[in-house]
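The residues making up each chain are set out below.
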Amino acid sequence: MTHSRAIDDAIRERRSIRVFRPDPVPRGLIEEILDVARWAPSGSNTQPWRVTVMGGEQADALRQRLEEAAGVRNWTEAQREAQHKRIASGPMAWILDCVDEPIWDFLIGGSMRFFDAPVALLVSYPGKGGSWAPAAIPAFVTTLMLAAHARGLGTVWLGWPMGQGDTVREAFALPDDEQASAFIALGYPDPEAPVNLARSTRYEVDEFSRWIGWE
Ligand SMILES: Cc1cc2nc3c(=O)[nH]c(=O)nc-3n(C[C@H](O)[C@H](O)[C@H](O)COP(=O)(O)O)c2cc1C
(Lines give C-alpha, C1' and ligand atoms only; values in the text may rest on other atoms or scores of the structure.)
Protein backbone atom coordinates (compact mmCIF):
# COMPACT_ATOMS: atom_id res chain seq x y z
CA MET A 1 0.00 0.00 0.00
CA THR A 2 1.36 3.43 -0.81
CA HIS A 3 0.97 6.26 1.61
CA SER A 4 2.44 9.67 2.24
CA ARG A 5 5.56 9.06 4.28
CA ALA A 6 5.96 12.81 4.70
CA ILE A 7 2.71 12.98 6.65
CA ASP A 8 3.63 9.96 8.80
CA ASP A 9 7.04 11.46 9.48
CA ALA A 10 5.59 14.83 10.48
CA ILE A 11 3.16 13.15 12.88
CA ARG A 12 5.85 10.96 14.43
CA GLU A 13 8.51 13.66 14.61
CA ARG A 14 6.44 16.49 16.05
CA ARG A 15 7.05 16.96 19.71
CA SER A 16 6.30 19.61 22.26
CA ILE A 17 8.99 22.29 22.25
CA ARG A 18 9.87 23.87 25.59
CA VAL A 19 13.03 25.84 24.76
CA PHE A 20 12.65 28.42 21.99
CA ARG A 21 15.10 30.63 20.20
CA PRO A 22 14.23 34.32 20.58
CA ASP A 23 14.06 34.92 16.80
CA PRO A 24 10.76 36.48 15.74
CA VAL A 25 8.47 34.48 13.47
CA PRO A 26 7.47 36.31 10.27
CA ARG A 27 3.76 37.05 10.08
CA GLY A 28 3.64 35.55 6.57
CA LEU A 29 4.82 32.21 7.92
CA ILE A 30 2.16 32.19 10.63
CA GLU A 31 -0.46 33.04 8.01
CA GLU A 32 0.80 30.13 5.91
CA ILE A 33 0.38 27.77 8.88
CA LEU A 34 -3.15 29.04 9.50
CA ASP A 35 -3.86 28.60 5.80
CA VAL A 36 -3.04 24.89 6.19
CA ALA A 37 -4.78 24.47 9.57
CA ARG A 38 -8.11 25.72 8.20
CA TRP A 39 -8.41 22.43 6.28
CA ALA A 40 -9.03 20.60 9.55
CA PRO A 41 -12.41 18.85 9.80
CA SER A 42 -15.30 20.37 11.75
CA GLY A 43 -18.92 19.38 12.41
CA SER A 44 -21.03 20.28 9.34
CA ASN A 45 -17.97 22.23 8.16
CA THR A 46 -18.83 25.04 10.57
CA GLN A 47 -15.11 25.91 10.99
CA PRO A 48 -15.80 27.39 14.43
CA TRP A 49 -12.16 28.21 15.23
CA ARG A 50 -11.07 31.79 15.76
CA VAL A 51 -7.38 32.53 16.31
CA THR A 52 -5.75 35.49 17.99
CA VAL A 53 -2.01 35.71 17.35
CA MET A 54 0.11 37.63 19.86
CA GLY A 55 3.78 38.59 19.67
CA GLY A 56 6.14 41.41 20.58
CA GLU A 57 5.81 43.45 23.76
CA GLN A 58 2.26 42.30 24.31
CA ALA A 59 3.45 38.71 24.56
CA ASP A 60 6.12 39.68 27.07
CA ALA A 61 3.60 41.61 29.14
CA LEU A 62 1.27 38.60 29.12
CA ARG A 63 4.04 36.31 30.39
CA GLN A 64 4.52 38.54 33.38
CA ARG A 65 0.81 38.88 34.03
CA LEU A 66 0.27 35.11 33.88
CA GLU A 67 3.16 34.43 36.24
CA GLU A 68 1.79 36.98 38.68
CA ALA A 69 -1.82 35.86 38.38
CA ALA A 70 -0.83 32.24 38.96
CA GLY A 71 1.41 33.22 41.87
CA VAL A 72 4.13 31.02 40.41
CA ARG A 73 6.82 32.48 42.59
CA ASN A 74 4.76 32.20 45.77
CA TRP A 75 4.31 28.46 45.73
CA THR A 76 5.48 26.77 48.88
CA GLU A 77 8.15 24.09 49.02
CA ALA A 78 5.44 21.55 49.87
CA GLN A 79 3.48 22.46 46.74
CA ARG A 80 6.60 22.28 44.59
CA GLU A 81 7.51 18.93 46.08
CA ALA A 82 3.98 17.62 45.39
CA GLN A 83 4.28 18.63 41.73
CA HIS A 84 7.70 17.03 41.50
CA LYS A 85 6.29 13.76 42.86
CA ARG A 86 3.30 13.92 40.53
CA ILE A 87 5.52 14.35 37.48
CA ALA A 88 8.12 11.81 38.64
CA SER A 89 5.44 9.12 38.90
CA GLY A 90 3.64 9.92 35.63
CA PRO A 91 4.20 9.63 31.88
CA MET A 92 6.30 12.81 31.83
CA ALA A 93 8.94 11.51 34.25
CA TRP A 94 11.48 11.58 31.40
CA ILE A 95 11.55 15.36 31.61
CA LEU A 96 13.27 15.27 35.01
CA ASP A 97 16.45 14.01 33.33
CA CYS A 98 16.45 16.85 30.80
CA VAL A 99 16.27 19.97 32.96
CA ASP A 100 18.50 21.36 35.68
CA GLU A 101 15.92 23.63 37.31
CA PRO A 102 13.34 22.36 39.79
CA ILE A 103 10.55 20.89 37.71
CA TRP A 104 7.98 23.29 39.13
CA ASP A 105 9.92 26.29 37.82
CA PHE A 106 10.64 24.71 34.48
CA LEU A 107 7.34 23.09 33.62
CA ILE A 108 4.66 25.05 35.38
CA GLY A 109 6.40 28.40 35.67
CA GLY A 110 7.61 27.82 32.11
CA SER A 111 4.10 27.08 30.87
CA MET A 112 2.87 30.38 32.34
CA ARG A 113 5.68 32.19 30.48
CA PHE A 114 4.81 30.09 27.41
CA PHE A 115 8.42 28.98 27.57
CA ASP A 116 9.56 32.41 26.31
CA ALA A 117 8.26 31.61 22.83
CA PRO A 118 8.00 34.73 20.67
CA VAL A 119 4.40 33.97 19.68
CA ALA A 120 1.28 32.89 21.57
CA LEU A 121 -1.89 31.76 19.81
CA LEU A 122 -5.28 31.63 21.45
CA VAL A 123 -7.83 29.47 19.67
CA SER A 124 -11.43 30.22 20.58
CA TYR A 125 -14.88 29.50 19.22
CA PRO A 126 -18.13 31.44 19.21
CA GLY A 127 -20.46 30.46 22.07
CA LYS A 128 -23.20 29.91 19.50
CA GLY A 129 -20.93 27.73 17.40
CA GLY A 130 -23.14 24.70 18.05
CA SER A 131 -22.49 21.61 20.13
CA TRP A 132 -19.81 20.31 17.76
CA ALA A 133 -17.70 23.45 18.01
CA PRO A 134 -15.52 22.37 20.97
CA ALA A 135 -14.65 19.08 19.25
CA ALA A 136 -13.35 20.87 16.16
CA ILE A 137 -10.77 22.86 18.11
CA PRO A 138 -8.34 19.99 18.83
CA ALA A 139 -8.57 18.98 15.17
CA PHE A 140 -7.61 22.51 14.18
CA VAL A 141 -4.85 22.80 16.77
CA THR A 142 -3.28 19.46 15.86
CA THR A 143 -3.30 20.34 12.17
CA LEU A 144 -1.76 23.72 13.01
CA MET A 145 0.99 22.11 15.08
CA LEU A 146 1.85 19.71 12.27
CA ALA A 147 1.92 22.52 9.70
CA ALA A 148 4.25 24.47 12.01
CA HIS A 149 6.50 21.44 12.47
CA ALA A 150 6.68 20.92 8.71
CA ARG A 151 8.12 24.46 8.45
CA GLY A 152 10.79 23.99 11.11
CA LEU A 153 8.77 25.73 13.81
CA GLY A 154 8.05 24.36 17.23
CA THR A 155 4.86 24.43 19.28
CA VAL A 156 3.56 23.38 22.64
CA TRP A 157 -0.11 23.25 23.56
CA LEU A 158 -0.49 24.80 27.01
CA GLY A 159 -3.19 24.02 29.52
CA TRP A 160 -1.67 25.81 32.50
CA PRO A 161 -2.21 29.39 31.29
CA MET A 162 -5.88 28.56 30.64
CA GLY A 163 -6.31 28.29 34.40
CA GLN A 164 -5.93 32.09 34.43
CA GLY A 165 -8.99 32.59 32.23
CA ASP A 166 -9.67 36.23 32.99
CA THR A 167 -6.07 37.27 32.34
CA VAL A 168 -6.04 35.34 29.06
CA ARG A 169 -9.40 36.73 27.89
CA GLU A 170 -8.41 40.27 28.64
CA ALA A 171 -4.94 40.09 27.10
CA PHE A 172 -6.27 38.60 23.87
CA ALA A 173 -9.25 40.99 23.87
CA LEU A 174 -11.54 38.03 23.37
CA PRO A 175 -15.08 39.02 22.32
CA ASP A 176 -17.68 38.31 25.04
CA ASP A 177 -19.46 35.68 22.95
CA GLU A 178 -16.34 33.53 22.42
CA GLN A 179 -14.99 30.67 24.51
CA ALA A 180 -11.22 30.46 24.95
CA SER A 181 -10.24 26.92 24.09
CA ALA A 182 -6.55 26.36 23.38
CA PHE A 183 -3.33 28.24 24.10
CA ILE A 184 -0.32 27.43 21.93
CA ALA A 185 3.26 28.69 22.10
CA LEU A 186 5.00 29.01 18.74
CA GLY A 187 8.59 29.78 17.74
CA TYR A 188 11.83 28.33 16.44
CA PRO A 189 13.02 25.41 18.57
CA ASP A 190 16.40 25.49 20.24
CA PRO A 191 17.84 22.44 18.45
CA GLU A 192 20.29 21.64 21.22
CA ALA A 193 18.10 21.79 24.31
CA PRO A 194 17.92 18.23 25.72
CA VAL A 195 14.27 18.72 26.65
CA ASN A 196 13.44 19.35 22.98
CA LEU A 197 15.34 16.28 21.83
CA ALA A 198 13.91 13.69 24.20
CA ARG A 199 11.00 11.66 22.94
CA SER A 200 7.85 11.20 24.97
CA THR A 201 6.53 7.65 24.94
CA ARG A 202 3.27 6.21 23.62
CA TYR A 203 1.16 3.19 24.50
CA GLU A 204 1.22 0.38 21.96
CA VAL A 205 -1.78 -0.04 19.67
CA ASP A 206 -2.90 -3.23 21.42
CA GLU A 207 -2.91 -1.37 24.74
CA PHE A 208 -5.52 1.17 23.66
CA SER A 209 -7.56 -0.53 20.92
CA ARG A 210 -10.54 -2.86 21.06
CA TRP A 211 -11.92 -4.54 17.95
CA ILE A 212 -15.47 -5.52 17.13
CA GLY A 213 -16.36 -7.64 14.11
CA TRP A 214 -12.83 -9.01 13.66
CA GLU A 215 -11.39 -12.46 14.34
C1 LIG B 1 -4.72 19.89 26.25
C2 LIG B 1 -3.22 19.89 26.44
C3 LIG B 1 -2.66 20.68 27.44
C4 LIG B 1 -1.27 20.70 27.63
N5 LIG B 1 -0.74 21.54 28.57
C6 LIG B 1 0.61 21.62 28.71
C7 LIG B 1 1.17 22.56 29.62
O8 LIG B 1 0.48 23.34 30.28
N9 LIG B 1 2.53 22.60 29.73
C10 LIG B 1 3.35 21.79 28.98
O11 LIG B 1 4.57 21.90 29.11
N12 LIG B 1 2.83 20.91 28.08
C13 LIG B 1 1.49 20.81 27.93
N14 LIG B 1 0.94 19.95 26.99
C15 LIG B 1 1.84 19.13 26.15
C16 LIG B 1 1.84 17.66 26.59
O17 LIG B 1 2.55 17.52 27.80
C18 LIG B 1 2.48 16.81 25.46
O19 LIG B 1 1.71 16.90 24.29
C20 LIG B 1 2.61 15.34 25.87
O21 LIG B 1 3.46 15.21 26.97
C22 LIG B 1 3.14 14.49 24.70
O23 LIG B 1 4.40 14.96 24.27
P24 LIG B 1 4.67 15.47 22.80
O25 LIG B 1 3.72 16.59 22.48
O26 LIG B 1 6.10 15.94 22.82
O27 LIG B 1 4.46 14.31 21.86
C28 LIG B 1 -0.43 19.91 26.80
C29 LIG B 1 -1.00 19.13 25.78
C30 LIG B 1 -2.38 19.14 25.58
C31 LIG B 1 -2.96 18.33 24.45
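For every chain, the first residue of its written sequence is number 1, and the numbers climb from 1 along that sequence. Totals for whole chains, interfaces and linings use every residue, but because this is a predicted model, local features are given only for residues with pLDDT of at least 70 and side-chain atom pairs only at 80 or more, for both listing and counting.

### Here's the deal with the packing of helix α2 (residues 27–37) against helix α6 (residues 133–150)
Then, number 1: Fitting a line to C-alpha atoms yields each axis, with helices limited to the stretch in contact; the angle taken between N-to-C directions then spans 0 to 180 degrees. Secondary structure counts use DSSP, requiring at least four H or I residues in a row for a helix and at least two E residues in a row for a strand, with both numbered from the N terminus. Running from N to C, α2 and α6 point in directions that differ by 135°, and their axes come no closer than 8 Å. Between α2 and α6, the interaxial angle falls into the category oblique. Where α2 crosses over α6, the two elements pack in a sense that is right-handed. Listed contacts from α6 to I33, V36 and A37 of α2 are F140, T143, L144, A147 and A148.
Then, number 2: Basically, the charged four are Asp, Glu, Lys and Arg, the nonpolar ten are Ala, Val, Leu, Ile, Met, Phe, Trp, Tyr, Cys and Pro, and anything else, Gly included, counts as polar. The residue inventory of the contact of α2 with α6, partitioned by class, reads seven nonpolar, one polar and no charged. Oblique is the label for any angle not covered by the other classes, which are roughly parallel (under 35 degrees), roughly antiparallel (over 145) and roughly perpendicular (65 to 115). Crossing handedness is read from the near helix: turned anticlockwise from the far helix by less than a right angle, it gives a left-handed crossing, and turned clockwise, a right-handed one. The contact criterion used is a C-beta to C-beta distance within 7 Å, with each C-beta placed from the backbone.

### Structural notes on the sheet that holds strand β1 (residues 50–54)
Then, number 1: Overall, antiparallel pairing links the four strands, which are arranged β1-β2-β4-β3 in an open sheet. The open sheet has two edge strands, β1 and β3 (154–158), and neither has a second partner. On average, adjacent strands in this sheet sit at an angle of 25° to one another, irrespective of strand direction.
Then, number 2: The criterion for strand pairing is that DSSP finds at least two bridges linking the strands in question. In terms of strand pairing, strand β2 (residues 119–126) meets strand β4 (residues 178–187) through eight bridges, oriented antiparallel. For A120, the partnering residue across the bridge sits in β4 and is A185.

### Re the nonpolar core
Then, number 1: Residues enter a nonpolar core if they are buried, belong to Ala, Val, Leu, Ile, Met, Phe, Trp, Tyr or Cys, and are joined to the set through C-beta atoms within 7 Å. Put simply, a residue is buried when 20 or more other C-beta atoms lie within 10 Å of its own C-beta and exposed when 12 or fewer do; between those, it is partly exposed, and each C-beta is set from the backbone. Formed by 46 residues in total, the largest nonpolar core has its most connected members in A120, A185 and L186.
Then, number 2: Contacts of A120, omitting those with residues within four sequence positions, involve M54, A59, L62, F114, F183 and A185.

### A closer look at the site of the ligand
Then, number 1: Residues are classed as near a molecule or strand if the C-beta position derived from their backbone is within 6 Å of it. Residues in close proximity to the ligand include R15, S16, R18, M92, L107, S111, V156, W157, L158, G159, W160 and S200, which together make up its full environment.
Then, number 2: By residue number, the principal contributor to the shell around the ligand is β3, which donates three residues.

### Structural notes on helix α3 (residues 56–70)
Then, number 1: Under the convention used throughout, the expected extent of a helix is 1.5 Å for every residue step, that is, one less than its residue count. The end-to-end C-alpha distance of α3, which contains 15 residues, comes to 22 Å, matching closely the 21 Å that a straight helix rising 1.5 Å per residue would cover.
Then, number 2: Downstream of α3 by one or two residues, G71 has phi in the positive range, about 60°.

### Here we look at the environment of A185
Then, number 1: Here A185 is to be found in strand β4.
Then, number 2: We classify A185 as buried; it has 26 C-beta atoms within 10 Å.
Then, number 3: Sequence spacing of A185 and T155 is 30 residues, and the spatial spacing of their C-alpha atoms is 5.4 Å.
Then, number 4: Ignoring sequence-local partners within four residues, the contact set of A185 consists of F114, F115, A117, A120, T155, V156 and L158.

### Quick word on α6
For an α-helix, the turn length of 3.6 residues means that residues three or four places apart are oriented alike.
Then, number 1: Spanning 18 residues, α6 covers 26 Å between terminal C-alpha atoms, matching the ideal 26 Å at 1.5 Å per step.
Then, number 2: On its buried face, α6 sits against α1 (5–13), α2, β2, β3 and β4.
Then, number 3: Looking at the residues trailing α6, positive phi occurs at G152, about 80°.

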